[in-house]
Amino acid sequence: MEDLSLHVLDVVENATRAGATLIEIEIREDKSKDLLQIAIRDNGRGMDTHMLKRATDPFATTRTTRRVGLGLPLLEQAAKEAGGHLLIESEPKRGTRVLATFQMSHVDRRPVGDMGATLTTLIMGNPDRDFVYFSNLGKEEIEVDTRSIRRELDGSLRIDDPAVISLIKELFKNSPRN
Amino acid sequence: MAKLKVEDLKRIKESMKGTVNLRQGDYRVKVIVHMGTCGIAAGARTIMNTFLDKVKESGATDIILTSSGCAGLCNHEPMITLEVKGSAPVKYVKLDPEKAGRIFDEHVVGGNPVADYALSVGSETTY
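Residues numbered from 1 in each chain as written. Chains lettered and ligands numbered in written order. Predicted model: local features only at pLDDT ≥ 70, side-chain atom pairs only at ≥ 80, totals over all residues.

A. Main features of the overall build of chain A. Helix and strand counts for chain A come out as six helices and six strands. A compact globule built from 178 residues should have a C-alpha radius of gyration of about 16 Å, and chain A, at 16 Å, falls within 12% of that. Seen along its three principal axes, the alpha-carbon backbone of chain A occupies a region of about 45 × 40 × 25 Å. Put simply, chain A has 178 residues, and 46% of those count as buried. By sequence separation, contacts in chain A at least 24 residues apart represent 66% of the contacts at least 6 residues apart. (Helix = DSSP H or I, 4+ residues; strand = E, 2+ residues; numbered from the N terminus. Rg over C-alpha atoms; globule rule 2.2 N^0.38 Å. Buried ≥ 20, exposed ≤ 12 C-beta atoms within 10 Å, placed from the backbone. Contact = placed C-beta atoms within 7 Å.)

If you want it as structure tokens, here you go:
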């Protein structure tokens with residue numbers, strides 16, 4: 001994966017395939033701690049302890065444990081390369097929480113990438129799911145909650161209508177990608 | 001804080017009034033971008049966004065753009081499946097924005113599949 005936004009796209013696609021109806025994505029930077037955090041929380045089917053242990057093992061995945069493929073191992077690798085780590089918490093039937101940390105200034109930290117394209121791609125691919133996004137990159141806070149957009153549209157337009165997608169994309173135009 | 005403004009949403013709602021919005025239910029064409037780990041790593045998101053731009057540009061309201069998972073042909077990614085109602089679905093492989101644009105113009109709009117980028121056309125020949 002070229003950048004972190006593609007990792008987010010991949011892991012969240014996994015979450016939707018785990019039956020999640022609501023997925024929260026949070027990208028936070030803390031300059032004073034030289035820290036970048038990506039948190040993804042879903043309300044999908046979750047994993048038991050046995051499965052959780054194997055979640056970052058790319059070779060342990062079988063057809064019955066389709067929940068995880070290469071998505072989490074690759075994200076873990078990206079985090080570890082940049083002086084960070086990956087933490088996964090999960091509870092069967094409740095959902096999964098993934099937290100990836102990165103040393104912001106680390107020479108091997110991959111660029112953040114285009115989070116707007118990731119979010120809109122997720123919405124277009126899964127218009128029946130809800131996404132809550134927050135980021136505070138480069139001092140600019142961005143918040144998107146498809147539940148409130150849906151309420152506002154009130155059935156007059158689909159959430160994945162190109163006009164709506166463009167408005168969401170527009171929010172990210174000043175968001176740093178490095 | 002950058003957030004969607006209620007006025008902006010109202011504005012697009014207004015602009016849609018009076019037009020028949022087929023996206024509410026029925027559609028003529030469905031573009032499915034394969035968005036597995038393999039597809040994403042190979043550039044599937046760019047393909048999705050290329051199609052989004054083309055749909056917007058054309059103003060068409062009878063095209064659905066969506067995604068699915070890995071189709072098991074990872075070496076052929078980025079890949080799409082194009083469904084035109086009434087015709088057999090076509091899988092396009094090893095795409096880039098330029099190829100995606102041509103597929104949109106010729107197949108989605110024009111109705112003629114682009115054999116050059118299709119996974120296969122027919123099965124085999126004896127000559």
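Let us keep going from here.
B. Just helix α3 (residues 71-81) of chain A, in detail. Of all the residues in α3 of chain A, the buried ones are Gly71, Leu72, Leu74, Leu75, Glu76, Ala78 and Ala79 of chain A. In this fold, the buried residues of α3 of chain A make contact with α1 (4-17), β3 (86-91) and β4 (95-103) of chain A together with α2 (37-42) of chain B. A positive phi of about 70 degrees marks Gly83 of chain A, the residue just after α3 of chain A.

C. Quick look at the nonpolar core. In this structure, Val8, Val12 and Ile40 of chain A together with Val31 and Phe51 of chain B are the most contacted members of the largest nonpolar core, which totals 72 residues. In terms of residue count, the dominant contributor to this core is α1 of chain A (seven residues). For Val8 of chain A, the residues in contact, after removing those within four places along its chain, are Ile25, Ile38, Ile40, Met115 and Thr118 of chain A. (Core = buried A, V, L, I, M, F, W, Y, C linked by C-beta atoms within 7 Å.)

D. View of the packing of helix α5 (residues 146-153) of chain A against helix α1 (residues 6-16) of chain B. It is at 10 Å that the axes of α5 of chain A and α1 of chain B come closest, and there the two elements cross at 45 degrees. Taken together, α5 of chain A and α1 of chain B sit at an angle that is classed as oblique. Crossing angle aside, the handedness with which α5 of chain A passes α1 of chain B is right-handed. Packed against α5 of chain A, whose contacting residues are Ile149, Glu152 and Leu153 of chain A, the element α1 of chain B presents Val6, Leu9 and Lys13 of chain B at the interface. For the contact of α5 of chain A with α1 of chain B, the residue count by class is four nonpolar, no polar and two charged. (Axes fitted to C-alpha atoms, helices over the stretch in contact; angles between N-to-C directions. Parallel < 35°, antiparallel > 145°, perpendicular 65-115°, else oblique. Left-handed = near helix turned anticlockwise from the far one by under 90°. Nonpolar A, V, L, I, M, F, W, Y, C, P; charged D, E, K, R; others polar.)

E. Geometry of unusual backbone geometry. Residue Pro78 of chain B follows Glu77 of chain B across a cis peptide bond; omega there is -5 degrees. Mapped onto the elements, Pro78 of chain B comes out in the loop between β2 (63-68) and β3 (80-84). Unlike most non-glycine residues, Lys139 of chain A shows phi in positive territory, near 70 degrees. Taking the number of C-beta atoms within 10 Å as the measure of exposure, Lys139 of chain A has 8 and is therefore exposed. One non-glycine residue, Lys94 of chain B, adopts positive backbone phi at about 50 degrees. As for its placement among the helices and strands, Lys94 of chain B is situated in the loop between β4 (90-92) and α4 (97-109).

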